[in-house]
Amino acid sequence: MDIKADTDRCIGAGMCALTVPEVFDQSEEEGTVVLLDADPPASRETAVRKAVQLCPSGALSVS
Amino acid sequence: MTEAPSRPVTFPTARRHLFDPPGEVLQWQRQGALHRMTFADGHLGWLLTGHAAARAVLADNRFSNRTELTHPPVAHPLAGQENRQLPPGFFLRTDQPEHTRFRRLLTGQFTVRRMRQLEPRIEEITSDHLDAMERGDRPADLVQAFALPIPSLVICELLGVPYGDRAQFQRDSAALLNLDSSAERMGAALVDLMAYMRDLVLRKRAEPADDLLGGLVASGELDDEELTGVALLLLIAGHETTANMLALGTFALLRDPAQLALLRDDPAVVDNAVEELLRYLTIIHMGPVRTALEDVELDGHLIRAGESVAFSLPAANRDPERFDDPDTLDVTRPATGHLSFGHGIHQCLGQQLARTEMRIAYPALLRRFPGLRLAVPAEEVPMRSHMTIYGVHRLPVTW
Ligand code: SF4
């Protein structure tokens, strides 16, 4: 998995951190996405894809 | 088979069933995502009822959220005057990059992690109110005893608004959201609320405070008018939304004891049950509205620049193409992906706070009062049909 997070687009809604806290967090100051693990184990793929889908701002992508 | 409406519709508001959107909006939805609609000011625009299309438009920056560009879906007492009165910090009604400037200042305060840190305090506030309810008279009004004060106290503490002032701002915020208010009453409520907030901002400037508003003042990023608008937006949004979800959600659960029991007895169901109640009840029921900044093709239709699109989020959240058996409350279904907090850059800033409050408050209430029941026939519960946020005015309960 290759996850990309665009902090400029991110609006800090937190859907990613809520859905896969092992992979996504939010910065203390701005609340924008922090990628904890850009290449997580395959077992997390479904959850990561769900987070990408739920992100309201289109800040996340996975390939 | 019913025909697709051939003439422009108007925004339907008359509900036949307590928890379901008006019947015609669901019928139309099953015929297509977009329908020509006449807005309250006569503007010919669109009604959007489909889930996929709603998601697409909400995330599309060719559509604007600016007040002065949008038309009112239903008659609004302040129509036409509103944009002159809304303070600059009411950033909900702005576009990028203006919106981003405000949002970025606030998102750090509403992260998933921040909300987890608030859990113990929210649990304490919840159990204090349940204690008081238990000691008080039966029947009780669940709105006044539980649903309104809990989110109200939480947002006051978070923002740094004195909770002792609540009688005033709760009354004014209720008047502001009531579409049956006269223009004078609604205008006066807005003026009062802004004066109250401006005063509070000035006090925080004089005496630095360790709360959200104090932090915003200290950041030096916003002027006093902007701070007033931001604070007002957060106070109203933090109050009315969760309060209505708590009361209406409890009402829906009381009407469906099997679902209630699942939520009460199985902690593993709680998070999902909250999402399902958000989906099923969709209390933001009259909008939002966006206006096309250029011609946009959608779902086989051409939306022209300048035309407004009004969303029926309750219909979108009952779209059978997105949710199986959508008219059934099922706390075990996969309910995420609902649009109850919106989508796109304006998606609810406080959604993680609202989730945290609901995840704590519903099960705490149901466990404390296993015998909780309505104290009046369901038909006698006064519904908030003419409020911009749906719910109940009162919910008499006993146990
Ligand atoms: S879900 Fe999207 S917008 Fe929200 S914090 Fe994560 S990346 Fe940012």
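Below is a short write-up of the structure. (Residues numbered from 1 in each chain as written. Chains lettered and ligands numbered in written order. Predicted model: local features only at pLDDT ≥ 70, side-chain atom pairs only at ≥ 80, totals over all residues. Heavy atoms only, no water.)

All right, on to the overall build of chain A then. Scanning chain A from terminus to terminus reveals 2 helices and 4 strands. Listing each helix as α and each strand as β along chain A from the N terminus yields β-α-β-β-α-β. Relative to a compact globule of 63 residues, whose C-alpha radius of gyration would be 11 Å, chain A shows 10 Å and is just as compact. With respect to the principal axes defined by its C-alpha atoms, chain A has extents near 30 × 20 × 15 Å. The contacts in chain A between residues at least 6 apart in sequence include a share of 57% that link residues at least 24 apart. A total accessible area of about 3,000 Å² is found for chain A, and carbon and sulfur atoms account for 47% of it. With 5 positive and 11 negative side-chain charges, chain A shows a spacing of 10 Å between the two charge centroids. (Helix = DSSP H or I, 4+ residues; strand = E, 2+ residues; numbered from the N terminus. Rg over C-alpha atoms; globule rule 2.2 N^0.38 Å. Contact = heavy atoms within 4.5 Å. Areas by Shrake-Rupley, 256 points an atom, 1.4 Å probe, with all protein chains shown as cover. Lys, Arg positive; Asp, Glu negative; His and termini not counted. Charge placed at Lys NZ, Arg CZ, Asp CG, Glu CD.)

Moving on, we come to the site of the ligand. The local shell around the ligand holds 13 residues, among which A:Cys10, A:Ala13, A:Gly14, A:Cys16 and A:Cys55 are the closest. Taken together, the residues of the shell around the ligand break down into 10 nonpolar, 3 polar and no charged. (Near = heavy atom within 4 Å. Nonpolar A, V, L, I, M, F, W, Y, C, P; charged D, E, K, R; others polar.)

What follows is about the packing of aromatic side chains. Between two aromatic rings, the relevant description is the distance of the centres plus the angle of the planes. Residue and element names in this part refer to chain B. If you walk through the whole model with that rule in mind, you get 4 aromatic pairs over all chains. Aromatic pair Phe19 and Phe251: ring centres 5.1 Å apart, planes at 75°, arrangement edge-to-face. Here Phe19, found in the segment before helix 1 (23–29), pairs with Phe251, found in helix 11 (residues 224–254); they are 232 residues apart in sequence, far enough to count as distant. Look at Phe251 and you get buried, because its relative accessible area is 0%. A ring pair is formed by Phe169 and Tyr196, whose centres lie 5.8 Å apart and whose planes are at 45°; its orientation type is tilted. (Phe/Tyr/Trp six-rings, centres within 6.5 Å; stacked < 30°, edge-to-face > 60°. Buried < 20%, exposed > 50% of the residue type's maximum accessible area, 1.4 Å probe, protein only.)

On to the nonpolar core, then. Residue and element names in this part refer to chain B. Judged by nonpolar contacts, the single largest core of 97 residues is most densely connected at Phe146 and Phe251. The element that contributes the greatest number of residues to this core is helix 11, accounting for 17 residues. Excluding residues that lie within four positions of it along the chain, Phe251 makes contacts with Leu18, Phe19, Leu374, Ala378, Val381, Met383, Val392 and Leu395. Of all hydrophobic cores here, the second largest spans 18 residues; its members include Leu34, Trp46, Val57 and Leu313. (Core = buried A, V, L, I, M, F, W, Y, C linked by side-chain atoms within 4.5 Å.)

Our focus in this paragraph is the sheet that holds strand 3 (residues 63–64) of chain B. All names here are of chain B. Here 5 strands make up an open sheet; going across it, the order is 1-2-8-5-3 and the pairing mixed. The open sheet has two edge strands with one neighbour each: strand 1 (34–38) and strand 3. In terms of strand pairing, strand 5 (residues 289–292) meets strand 8 (residues 308–311) through 3 bridges, oriented antiparallel. Note on strand 8: the bridge partner recorded for Val289 is Ala310. (Pairing = 2+ DSSP bridges.)

Below, the discussion takes up the packing of helix 10 (residues 212–219) of chain B against helix 11 of chain B. Residues and elements named next belong to chain B. For the pair helix 10 and helix 11, the least separation of the axes is 11 Å and the interaxial angle reads 160°. Taken together, the axis directions place helix 10 and helix 11 in an arrangement best described as roughly antiparallel. In terms of crossing hand, the pair formed by helix 10 and helix 11 is right-handed. Taken together, the residues of helix 11 that come into contact with helix 10 (itself represented by Leu212, Leu213, Leu216 and Val217) are Leu227, Val230, Ala231 and Leu234. Of the residues that constitute the contact of helix 10 with helix 11, the class distribution is 8 nonpolar, no polar and no charged. (Axes fitted to C-alpha atoms, helices over the stretch in contact; angles between N-to-C directions. Parallel < 35°, antiparallel > 145°, perpendicular 65-115°, else oblique. Left-handed = near helix turned anticlockwise from the far one by under 90°.)

Here we come to the interface of chain A and chain B. Tallying the contact residues gives 23 residues for chain A and 20 residues for chain B. Viewed at the interface, chain B and chain A are joined by 4 salt bridges. Of the charged contacts in the structure, one is a salt bridge between B:Arg113 and A:Asp25, with a shortest N-O distance of 2.6 Å. Scanning the region where chain A abuts chain B turns up 15 residue pairs in polar contact (both at pLDDT 80 or more). Contributions of two or more residues to the side of chain A that touches chain B are made by helix 1 (15–19), strand 2 (24–26) and helix 2 (45–54) of chain A. Grouping the amino acids of the side of chain A that touches chain B by side-chain chemistry returns 9 nonpolar, 8 polar and 6 charged. (Salt bridge = Lys/Arg side-chain N within 4 Å of Asp/Glu carboxyl O. Polar contact = N/O pair within 3.5 Å; in protein donor to acceptor, adjacent residues only side chain to side chain.)

Once that is clear, we can look at the environment of B:Thr38. Within the fold, B:Thr38 resides in strand 1. Beyond its immediate chain neighbours, meaning those up to four positions away, B:Thr38 contacts B:Pro8, B:Val9, B:Thr10, B:His43 and B:Leu44.

Our focus in this paragraph is the environment of B:Gln351. With respect to the secondary-structure elements, B:Gln351 resides in helix 15 (residues 351–368). Of the residues examined, B:Gln351 reaches a relative accessible area of 0% and is grouped as buried. The spacing of B:Gln351 and B:Met115 is 236 residues in sequence and 9.9 Å in space, taken between C-alpha atoms. Setting aside chain neighbours within four positions, we find B:Gln351 in contact with A:Ala13, A:Met15 and B:Phe341.

All names here are of chain B. If you trace the 3 strands from one edge of the open sheet to the other, you get 4-10-9, paired in antiparallel fashion. Two strands close off the open sheet at either side, each with one partner strand: strand 4 (140–141) and strand 9 (373–374). Taken together, the 2 bridges between strand 9 and strand 10 (residues 396–398) define a ladder with antiparallel strand orientation. Directly across from Leu374, in strand 10, lies its bridge partner Val397.

What follows is about the pattern of salt bridges. With the rule as written, the count across this model stands at 31 salt bridges over all chains. When the shortest N-O distance is used, the salt bridge between B:Arg333 and B:Glu276 registers 3.0 Å. With B:Arg333 in the loop between helix 14 (313–316) and helix 15 and B:Glu276 in helix 13 (residues 270–281), this residue pair connects regions lying 57 residues apart in the sequence. The exposure class assigned to B:Arg333 is buried, which follows from its relative accessible area of 8%. A relative accessible area of 0% means that B:Glu276 is categorised as buried. A salt bridge links B:Asp295 to B:Arg304; its shortest N-O distance comes to 3.5 Å. B:Asp295 sits in the partly exposed class, given a relative accessible area of 40%. Looking at B:Arg304, the relative accessible area reads 44%, which means it is partly exposed. Taken together, the salt bridges that share partners define one network made up of A:Asp25, A:Glu28, B:Arg113 and B:Arg114.

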